[in-house]
Amino acid sequence: MLNPQLPPLEPSLARRGLSLNLVFLAIALSIFIPAFLFFVYQIVTKRQAEIGRIETEAVYFTRASVGGLERNLNATRALLVTLSRSVAVRGSDAQQCDKLLRDTLKTHRLYDALGVATINGASLCGAYRGIDSASGVARSWPEPLRPMADISVGMFALNRVTKRPALDVAFTVPGMSRLLHASIDLKVWARINPFFLPDGATLTVIDRSGTVVLRHPDNERWIGRRFQDAELLGHL
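Residues numbered from 1 in each chain as written. Predicted model: local features only at pLDDT ≥ 70, side-chain atom pairs only at ≥ 80, totals over all residues. Heavy atoms only, no water.

Colleague: Can you help me understand the overall build of the protein chain in this one?
Modeller: Regarding its fold elements, the protein chain presents six helices and eight strands. Counting helices and strands in the order they occur from the N terminus, the protein chain gives α-α-α-β-β-β-β-β-β-α-β-β-α-α. Here the protein chain, with 236 residues, has 34% of them falling under the buried criterion. For the protein chain, long-range pairs separated by at least 24 residues make up 50% of all intrachain contacts whose partners lie at least 6 apart in sequence. Here the protein chain has roughly 15,100 Å² of accessible surface; of this, 60% comes from carbon and sulfur atoms. (Helix = DSSP H or I, 4+ residues; strand = E, 2+ residues; numbered from the N terminus. Buried < 20%, exposed > 50% of the residue type's maximum accessible area, 1.4 Å probe, protein only. Contact = heavy atoms within 4.5 Å. Areas by Shrake-Rupley, 256 points an atom, 1.4 Å probe, with all protein chains shown as cover.)

Shown next as structure tokens:
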């Protein structure tokens, strides 16, 4: 039995079918493309909002954590100002000055050493935590100091007597050519300050030479190491 053959479509009908297909395709694209663009827009907008939230939280947590460190520096300044007004610091009796500084260390666990020196660095009196004799106490902070209001903050250094990591803060005794300085014990500094950081976040405090003076977490492993971000260090 022979299969009947369909007659070929007329050219006009073929063109009409092609036109209909193009119309359907155009309708589909007109629906799909705006939907796709809207989907992409939502993703980008959501991502930008998430980045903004993370940045805001990072600033908040950093300020909350650094606030304790700033309070410690302000408290150090207040202590040095108070000591600078005492007769023992302003006088010439080195033993009386030594006793005052030793007694002060007993009630201020943040500091590893306290001392008084001339502007040229000659020792006048001083005290180290856990060491009875303060003979030979001299200025130990590295140069140059950077003024912060009326105090100067040094850079990371190992205390040459106690061998503990320290950050020195100096204050000029008003009306005299003397410097009163406190050596902040950085390990104690890390322990007594609360850090308000979310899980997985880190806080690193460096001095202007790029040396880590405090890190949370893992402070013991990081303290004293050089920070390698050259671009960041260029802004210090």
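Colleague: Teacher, can you tell me more about a nonpolar patch on the surface here?
Modeller: Together, Phe 32, Ile 33, Phe 36, Leu 37, Phe 39, Val 40, Ile 43 and Val 44 make up a nonpolar patch on the protein surface, roughly 740 Å² of accessible area in all. Checked against the element boundaries, Phe 36 lands in helix H1 (residues 11–84). (Patch = residues over 30% accessible without salt bridge, like charges linked within 9 Å, V, L, I, M, F, W, Y side chains within 5 Å. Salt bridge = Lys/Arg side-chain N within 4 Å of Asp/Glu carboxyl O.)

Colleague: Sorry, what's going on with the state of the cysteines here?
Modeller: Formally, a disulfide is one covalent bond, and it connects the sulfur atom of one cysteine to the sulfur atom of another. All chains considered together, the criterion is met by one disulfide. The side chain of Cys 97 participates in a disulfide bridge whose partner is Cys 125; the two sulfur atoms lie 1.9 Å from each other. Taken together, the residues Cys 97 in helix H3 (residues 94–107) and Cys 125 in strand E2 (residues 123–128) connect sequence positions 28 residues apart. As far as the burial class goes, Cys 97 and Cys 125 line up, both buried. (Disulfide = S-S within 2.5 Å.)

Colleague: I would appreciate a short explanation of H3 in the present structure.
Modeller: Each α-helix winds once per 3.6 residues, and so residues spaced three or four apart point in a common direction. Counted at 1.5 Å a residue, the expected span for H3 with its 14 residues is 20 Å, and the 21 Å between its end C-alpha atoms agrees. Taken residue by residue, H3 has Cys 97, Asp 98, Leu 101, Thr 104 and Leu 105 as its buried positions. One face of H3 carries all of its buried residues, which in axial projection span an arc of 130°. Along H3, exposed side chains directed more than 90 degrees from the buried face belong to Gln 95, Lys 106 and Thr 107. The backbone nitrogen of Gln 95 has a side-chain oxygen 3.1 Å away, supplied by the residue at the start of H3, namely Asp 93. (Expected span 1.5 Å × (residues − 1). Arc of directions from axis to C-beta. Polar contact = N/O pair within 3.5 Å; in protein donor to acceptor, adjacent residues only side chain to side chain.)

Colleague: What am I meant to see in the nonpolar core here?
Modeller: With 35 residues, the main nonpolar core has Leu 101, Trp 189 and Leu 214 as its most contacted residues. It is H1 that provides the largest number of residues to this core, a total of six residues. Apart from the residues within four sequence positions on either side, Leu 214 is in contact with Leu 69, Trp 189, Ala 190, Phe 195, Leu 203, Thr 204, Val 205 and Asn 219. (Core = buried A, V, L, I, M, F, W, Y, C linked by side-chain atoms within 4.5 Å.)

Colleague: Just to check I follow, could you spell out the pairing of strand E1 (residues 111–118) for this structure?
Modeller: Where a strand is regular, its side chains alternate between the two sheet faces. The buried fraction of E1 amounts to seven of the eight residues, a majority that puts the element mostly inside the structure. Pairing geometry for E1 and strand E6 (residues 178–185), over seven bridges, is antiparallel. Looking at the pairing, Val 116 lines up with Leu 180 of E6. In terms of strand pairing, E1 meets E2 through five bridges, oriented antiparallel. Of the residues in E2, the one forming a bridge with Gly 115 is Gly 126. Hairpin connection, E1 to E2: the antiparallel pair is bridged by four residues, and Gly 121 has positive phi, about 100°. (Pairing = 2+ DSSP bridges.)

Colleague: Before we go on, may I ask you to explain the pattern of salt bridges in this structure?
Modeller: Applying the stated criterion across every chain yields a total of five salt bridges. Two residues, Lys 99 and Asp 103, come together in a salt bridge whose shortest N-O distance is 2.9 Å. Here Asp 103 and Lys 99 lie together in helix H3, a separation of four residues that amounts to about one turn. On the basis of relative accessibility, which here comes to 47%, the residue Lys 99 falls in the partly exposed class. Given the relative accessible area of 31%, Asp 103 is considered partly exposed. Asp 185 is the partner of Arg 164 in a salt bridge, and the nearest nitrogen-oxygen pair spans 2.5 Å.

Colleague: Looking at this model, I keep getting lost on the side chain of Thr 211. Mind explaining?
Modeller: Tracing the backbone through its elements, the reader meets Thr 211 in the loop between strand E7 (203–206) and strand E8 (212–216). The class for Thr 211 is buried, based on a relative accessible area of 9%. Of the polar contacts made by the side chain of Thr 211, one reaches the side chain of Ser 209; its length is 3.1 Å. If we skip the residues at most four places from it in the chain, Thr 211 touches Phe 156, Val 205, Ile 206, Gly 224, Arg 225 and Arg 226.

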